[in-house]
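Residue-level structural notes
Each chain, letter by letter, is given below.
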Amino acid sequence: GAGVSQSPSNKVTEKGKDVELRCDPISGHTALYWYRQSLGQGLEFLIYFQGNSAPDKSGLPSDRFSAERTGGSVSTLTIQRTQQEDSAVYLCASSARTGKNSPLHFGNGTRLTVT
Amino acid sequence: QKEVEQNSGPLSVPEGAIASLNCTYSDRGSQSFFWYRQYSGKSPELIMSIYSNGDKEDGRFTAQLNKASQYVSLLIRDSQPSDSATYLCAVTTPGGSYIPTFGRGTSLIVHP
């Protein structure tokens, strides 16, 4: 079946502009995660959605970052007034269930470059 | 602050050898442990999960968990050049809503 789909695959933007990144999880997956990965770094947790519950936003680095998930499916990560330090690969993942034994299925990521 | 530590490497092994990758974690309450493989320019993919102390084998891969010492390892037997990738360790804890915390990964190079 279809995996996690992210768009765009690459985004180049000027400092100060807003960007929107999209994630379409695997059908039926209730949990959705956003991570970012800077060059040579591990995965940094950003935000987590589970069903209709309030999202866990504890990883968002600043109030310039926000995300929503409409209808329990597609999610959009928005970065306002982008800065050069926002340059990274933004990875979305979904899982079929929550709890301790839930592996993540990742999309191919969006590579964001802020010039 | 939950921490997951991995040696960044690179770990270089000859083809056919056993590659041993290690990961330590700080939260003693951690319950689930995952190994993901990430090829250069690609997204991570799950290769192993382990939840109980001891060994878990899947083909050429063996995950080992020691909760008392707070470490988890991944052994790759008969290493192949196609195993060359970065291996990410991920840990979940009940206090963190089971959101996986990832290490920075260990780069493995298998040379012919």
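Anyway, here's the lowdown on the structure attached to this text. Given the structure is predicted, the values throughout are model-derived calculations rather than measurements.

**Quick look at the interface of chain A and chain B**
Facing the 19 residues of chain A at the interface are 18 residues of chain B. Approximately 1600 Å² of surface area, both sides summed, lies buried where chain A meets chain B, with 58% of it carried by carbon and sulfur atoms. The interface formed by chain A and chain B holds 0 salt bridges in total. In this structure, the connection of chain A to chain B is made through 5 residue pairs in polar contact (both at pLDDT 80 or more). Of all the secondary-structure elements, those providing two or more residues to the side of chain A that touches chain B are β4 (31-37) and β5 (43-50) of chain A.

**Some details on the packing of aromatic side chains**
Across all of its chains, the model carries 11 aromatic pairs over all chains by this definition. A ring pair is formed by Tyr33 of chain A and Tyr35 of chain A, whose centres lie 6.4 Å apart and whose planes are at 25°; its orientation type is stacked. When sorted by exposure, Tyr33 of chain A lands in the same class as Tyr35 of chain A, which is buried. Ring centres of Tyr35 of chain A and Phe106 of chain A lie 6.3 Å apart, and the angle between their planes is 55°; this geometry places the pair in the tilted category. Of this pair, Tyr35 of chain A sits in strand β4 while Phe106 of chain A is found in strand β9 (residues 105-106), placing the two residues 71 residues apart along the sequence. For Phe106 of chain A, a relative accessible area of 10% gives the class buried. Among the aromatic side chains, those forming a connected cluster through ring pairs are Tyr33, Tyr35, Phe45, Tyr48 and Phe106 of chain A together with Phe34, Tyr36, Tyr51 and Phe102 of chain B.

The rules behind these values
Residues numbered from 1 in each chain as written. Chains lettered and ligands numbered in written order. Predicted model: local features only at pLDDT ≥ 70, side-chain atom pairs only at ≥ 80, totals over all residues. Heavy atoms only, no water. Contact = heavy atoms within 4.5 Å. Buried area = accessible area lost by both parts, 1.4 Å probe. Salt bridge = Lys/Arg side-chain N within 4 Å of Asp/Glu carboxyl O. Polar contact = N/O pair within 3.5 Å; in protein donor to acceptor, adjacent residues only side chain to side chain. Helix = DSSP H or I, 4+ residues; strand = E, 2+ residues; numbered from the N terminus. Phe/Tyr/Trp six-rings, centres within 6.5 Å; stacked < 30°, edge-to-face > 60°. Buried < 20%, exposed > 50% of the residue type's maximum accessible area, 1.4 Å probe, protein only.

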